[in-house]
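The residues making up each chain are set out below.
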Amino acid sequence: MLEALPLFANTQLDEITLWGLIFASYCTSAFTAAFGIGGGVALLAILGMVIPVTTLIPLHGTVQMGSNAGRAWHLRAHIKWRLIGLLLVGSVVGTIIGSQIVVALPDAVLKIILALFVLTITWLPTPRLAARGDSIVTVGAMIAAIANMFVGATGPLVAALISSRVADRKQVVATHATAMTLSHGLKIIAFGFIGFVYTDWLGLIAAMILSGYLGTLTGSKLLHIMDEGLFRKAFRVVITGLALLMLAGGLKGIL
C-alpha cells in the first residue's frame, strides 16, 4: 500500500494502522449519522492511541471539517447566519489564544488533557447554556475554540450554545455543522502557522474524509436497526477504555 500510494509514506504508520484509521473514520461517521453526535469524540480517542496529540488534533480537525462541510452544504438553507457571525468572532479570538499555548505543552500533558476531556464528554451531560445575550455566545465560542486547539472534539459544547438560541432541529444541525467547519478551518490554519506539515498526511486525510462520507451515507441505514440504548452503553464502555489507556500513556510519559 505504501509503495502504491506514496502520500501515505511520510505518516510513518504501518499498513494495518492506516487501514484501521480509515475504517474508524467510516464507523464513527456512521455513528454520528445514526445518533446525531459522538463520532467525533470516538475518532479522537482512537487517533490518540497511535498518533501524538500535536499531530492528531490537526489531522482530526481536517477530517472533521470535511465531514461537517458536507453536512452544512446539504442543509445550507437552514443556517442561521447571524448566529454564525457571533460564533466566528469568538472562534477567531479563541484560536489565536489557543495556538500560543498548545505548542508550549509536552505531548504527555496533552494526552492527559485529551483523555480527561473524552471521559468528561462521555459521562457528564452537556451543560444547558442560557445564552440569551450575544456576548455569551461569542465568549462561549471563544472558550470552545481554545479547547478545540487542545482536545479537538468540542462539538457538544458548540451544540449547547446553538441549541440554547435555536429551536428548529434542522437549523440547529445546519448551524452547528457550519460553525464546526469554520472552527476546524481556523484550527487547521493555526497549526499550519505553528509548523504542522499537512502534505505528509494528505493521503490519509483524503482517505478518511472519503470513508467518513461513505459512513455518513450508510450509517443511518445500517445502525437504525440496533437498540440505541444498548449501543450507547457499549459505546461509552469502549470510549472509556480508550481514554483510560491514553491517560495511562500520558502519566507514564510524565512519571
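All of these numbers come straight from a predicted model, not from anything done at the bench.

### Quick notes on helix α4 (residues 81-102)
Piece 1. Here α4 spans 30 Å end to end across 22 residues, near enough to the 32 Å set by a 1.5 Å rise per residue.
Piece 2. Taken together, the buried positions of α4 are Leu83, Ile84, Leu86, Leu87, Gly90, Ser91, Gly94, Thr95, Gly98, Ser99 and Val102.

### What to know about helix α7 (residues 155-163)
Piece 1. Summarising burial for α7: 7 of the 9 residues are buried, a large majority.
Piece 2. Every buried residue belonging to α7 is among Gly155, Pro156, Val158, Ala159, Ala160, Leu161 and Ile162, and all of these are buried.

### Here we look at the packing of helix α2 (residues 39-47) against helix α3 (residues 53-74)
Piece 1. It is at 10 Å that the axes of α2 and α3 come closest, and there the two elements cross at 145°. In terms of crossing hand, the pair formed by α2 and α3 is right-handed. Between α2 and α3, the residues in contact are Gly40, Leu43, Leu44 and Leu47 and Leu56, Ile57, Leu59, His60, Val63 and Gln64, respectively.
Piece 2. For the contact of α2 with α3, the class distribution of residues is 7 nonpolar, 3 polar and no charged.

### Remarks on the packing of aromatic side chains
Piece 1. By the definition in use, this model includes 2 aromatic pairs.
Piece 2. Between the aromatic rings of Phe23 and Tyr26, the centroid separation amounts to 6.3 Å while the plane-to-plane angle is 15°, which identifies the pairing as stacked. Taken together, the residues span about one helical turn, with Phe23 and Tyr26 both in helix α1 (residues 15-35) at a distance of 3 residues.
Piece 3. One Lys or Arg, Arg76, reaches over the ring of Trp73 and ends 3.8 Å from the middle of that ring.

### Section: the side chain of Thr55
Piece 1. Within the secondary structure layout, Thr55 lies in helix α3.
Piece 2. Classification of Thr55 as buried rests on a relative accessible area of 14%.
Piece 3. Sequence-distant contacts of Thr55, that is, excluding residues within four places in its chain, are made with Phe196 and Trp201.

About the thresholds
- Residues numbered from 1 in each chain as written.
- Predicted model: local features only at pLDDT ≥ 70, side-chain atom pairs only at ≥ 80, totals over all residues.
- Heavy atoms only, no water.
- Helix = DSSP H or I, 4+ residues; strand = E, 2+ residues; numbered from the N terminus.
- Expected span 1.5 Å × (residues − 1).
- Buried < 20%, exposed > 50% of the residue type's maximum accessible area, 1.4 Å probe, protein only.
- Axes fitted to C-alpha atoms, helices over the stretch in contact; angles between N-to-C directions.
- Left-handed = near helix turned anticlockwise from the far one by under 90°.
- Contact = heavy atoms within 4.5 Å.
- Nonpolar A, V, L, I, M, F, W, Y, C, P; charged D, E, K, R; others polar.
- Phe/Tyr/Trp six-rings, centres within 6.5 Å; stacked < 30°, edge-to-face > 60°.
- Lys NZ or Arg CZ within 6 Å of the ring centre and 35° of its normal.

Limitation: the analysis is restricted to geometry and does not speak to function.
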